[in-house]
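# Coordinate inspection notes
Take a look at the letters that make up each chain.
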Amino acid sequence: MKTAAQYRKELNKMRANIHIAGEKLTRDDPRLAQPINVVAATFDAALEPENKGLVTTLSKVTGAEINRFCNIHCSTEDLLNKQAMTRKLCHKVGGCIQRCMGIDATNALSVITYDTDQKYGTEYNKRFMKWLEHFQKNDIVANCAQTDVKGDRSKRPHEQADPDLYVRVVERKSDGVVIRGAKAHNTIAPYAQEIIVLPTRALTTEEKDWAIAFAIPADAEGIHQIVRLASIPIRKHLQAPIAAFGDAESLTVFDNVFVPWDRVFLNGETDMGGRLALQFAEYHRHSYTGCKPSITDIVMGMTALVAEYNGVAKAQHIQHKLAHLIGVAELVTAAGIAASVTGKKTASGTYIPNSIYVNAGRRLAGENIFHEYEILCDVAGGWYATLPHEEDWFNPETKAYLEKYTMRNPRISPENQHRLFRMISDMMTSHWFGVELGGQYHGGGSPIMETIGILRDYDLKPKMDHVKYLAGIPLDDPHG
Ligand SMILES: Cc1cc2nc3c(=O)[nH]c(=O)nc-3n(C[C@H](O)[C@H](O)[C@H](O)COP(=O)(O)OP(=O)(O)OC[C@H]3O[C@@H](n4cnc5c(N)ncnc54)[C@H](O)[C@@H]3O)c2cc1C
């Protein structure tokens, strides 16, 4: 397994194709340091003895010990462990752990390449398994670039005014394919080593050029990443674990990118393209049953602590609000556990989580996220929003005033009160917060997508038949 230091070293050798605010950067630019710290935590965690078996596992391909972020799920226990690892590591970095992108995309490819080969006599699974060995052996960090920019949402890929609005094959050559288009909102991509491209939706038979899946180095010729940074505000004085972390998303442009055949995992099988899109989404929604409760844990912890500092912890309305946060976090967790233990082995040998439970859990999480922060906003009061700048707490002219006039519970030191409100302020008023909120709502599919998934897979007929039975309506009554 790789160390965080090796990962950073490898990143620094990559071609400069990261664009931020008008500049082209290499990956050692300090502006990327906070997001890179998040991924570094996944390497550090794998080396901690207490995480053995949780953040590490044995590869079913090579038998070697690997980081679980590179694992293919071969049991329901693997699914449970991925969820538990995700919750634990998100706690550690105070937000999205980001590396779930790679594990979710590789698991989806493992299932669908196998089924495609069975149906069409292709050899995608053989290619994928070979690439997977490289992925596991080199402990690769991958982004999954699924979401196309999509143009007019009411139109299909082949109906768009510009066909490049969904990533597509523009040329098939003897040694590979040439790709054009752009994928949006790509978390981790600016500091990922590989980008795994998957289709974003169901495709019709005219859409062979859009039924494409592949893996490509993130700095390959023709790839341009236009990146938005979203890190916790940098602290000058009040250092704290949370301030070390951040996030970045890219609009990833594929400007005639060549992909050799050994990295192409789907090419023109439109029915399987739709299945691949869905399978990734369901693995990713399963990851959300680990990360979202972790975020709620942090919101819940901030809410409970600020209520205590403010002296109102016992107020009944605050207790009810905390109970609501606990209910959401643990129900989403329970949905992930249920999805794992009722997960099924596919023909490929890879396990998939139960789709109803992952969709129900992810939907509950997405629909509650704004309300969770509303609860924190309510209980914290306005001080997090108008908190003076960090420097003023360290300026001899203003320090004493701030410490005197912000005192609440005299048992709690002014520094600790400042620390808590600084964290709430960073997490509720920053650039980082806005992006996290969007990610927690839309990532893995907006709640409407989970609604569609539930209605697609849930059989309502037995429920109606049961009511007919209870009401005494004959099942075969032509007027029923
Ligand atoms: C912070 C963040 C990180 C993300 N990370 C990744 C990533 O790493 N990789 C990745 O692939 N994706 C990523 N996503 C993308 C995420 O999956 C999408 O945002 C989500 O699927 C919604 O797509 P969209 O943003 O294009 O919204 P849109 O497709 O524009 O949808 C917005 C809304 O429009 C409506 N709508 C859309 N289409 C239709 C239609 N045909 N008919 C009726 N109504 C419609 C729905 O109400 C929908 O909620 C990320 C998103 C965020 C915010």
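Going by the structure above, here's the rest.
Presented here is a report on the structure given in the accompanying data block.

Quick notes on the rules
Residues numbered from 1 in each chain as written. Predicted model: local features only at pLDDT ≥ 70, side-chain atom pairs only at ≥ 80, totals over all residues. Pairing = 2+ DSSP bridges. Helix = DSSP H or I, 4+ residues; strand = E, 2+ residues; numbered from the N terminus. Axes fitted to C-alpha atoms, helices over the stretch in contact; angles between N-to-C directions. Core = buried A, V, L, I, M, F, W, Y, C linked by C-beta atoms within 7 Å. Buried ≥ 20, exposed ≤ 12 C-beta atoms within 10 Å, placed from the backbone. Contact = placed C-beta atoms within 7 Å. Near = placed C-beta within 6 Å. Nonpolar A, V, L, I, M, F, W, Y, C, P; charged D, E, K, R; others polar.

Below, the discussion takes up the sheet that holds strand 5 (residues 142–145). Strands sit in the order 5-8-9-12 across an open sheet of four strands; the sheet is mixed. In the strand order of this sheet, the two ends are held by strand 5 and strand 12 (264–267), each with one partner. Averaged over all adjacent pairs, the angle separating strand axes in this sheet is 20°, with direction ignored. With three bridges connecting them, strand 9 (residues 212–217) and strand 12 associate as antiparallel partners. Among the inter-strand pairings, I212 is bridged to a residue of strand 12, identified as N267.

Strand order in the open sheet formed by six strands is 2-1-10-11-7-6, with mixed pairing between adjacent strands. The sheet terminates laterally at strand 2 (23–25) and strand 6 (168–172), the two strands that pair on one side only. Each neighbouring strand pair of the sheet contributes to a mean axis angle of 20°, computed without reference to strand direction. Judged from the two bridges that link them, strand 1 (residues 18–20) and strand 10 (residues 223–229) form a sheet pairing that is parallel. In the sheet register, I18 faces strand 10, and the bridge partner there is Q225.

Another point: the nonpolar core. The biggest cluster of nonpolar side chains holds 120 residues, and the ones touching the most others in it are L198, I212 and I424. Among the elements that line this core, the one with the most residues is helix 6 (residues 270–310), at 14 residues. Those residues in contact with L198 that lie beyond four places of it in its chain are A105, A108, C144, Q146, A213, L276, A277 and F280.

All right, on to the site of the ligand then. Around the ligand, the structure places 21 residues, and the nearest of them are Q146, T147, H185, G439 and H442. Of all the secondary structure elements, the ones that give two or more residues to the shell around the ligand are strand 5, strand 7 (176–187) and helix 12 (431–442). Considering every element that reaches the shell around the ligand, the biggest residue donor is helix 12, with four residues. Per-class residue counts for the shell around the ligand are five nonpolar, 13 polar and three charged.

Of the two faces of strand 8 (residues 194–197), the one lined by E194 and I196 and the one lined by I195 and V197 are each fully buried. Alignment of strand 5 against strand 8, held across four bridges, turns out to be parallel. The residue bridging C144 from the neighbouring strand is I196, located in strand 8. In this sheet, strand 9 lies alongside strand 8 in antiparallel orientation, the contact comprising four bridges. Opposite I196, over in strand 9, you have A215 as the bridge partner.

This part is about unusual backbone geometry. Of note, the phi angle at K150 is positive, near 75°, even though the residue is not glycine. With respect to the helices, strands and loops of the structure, K150 is situated in the loop between strand 5 and strand 6. With a phi close to 55°, N256 is a non-glycine residue in the positive phi region. Along the chain, the position of N256 falls in strand 11 (residues 248–260). The exposed category is assigned to N256, around which 11 C-beta atoms lie within 10 Å.

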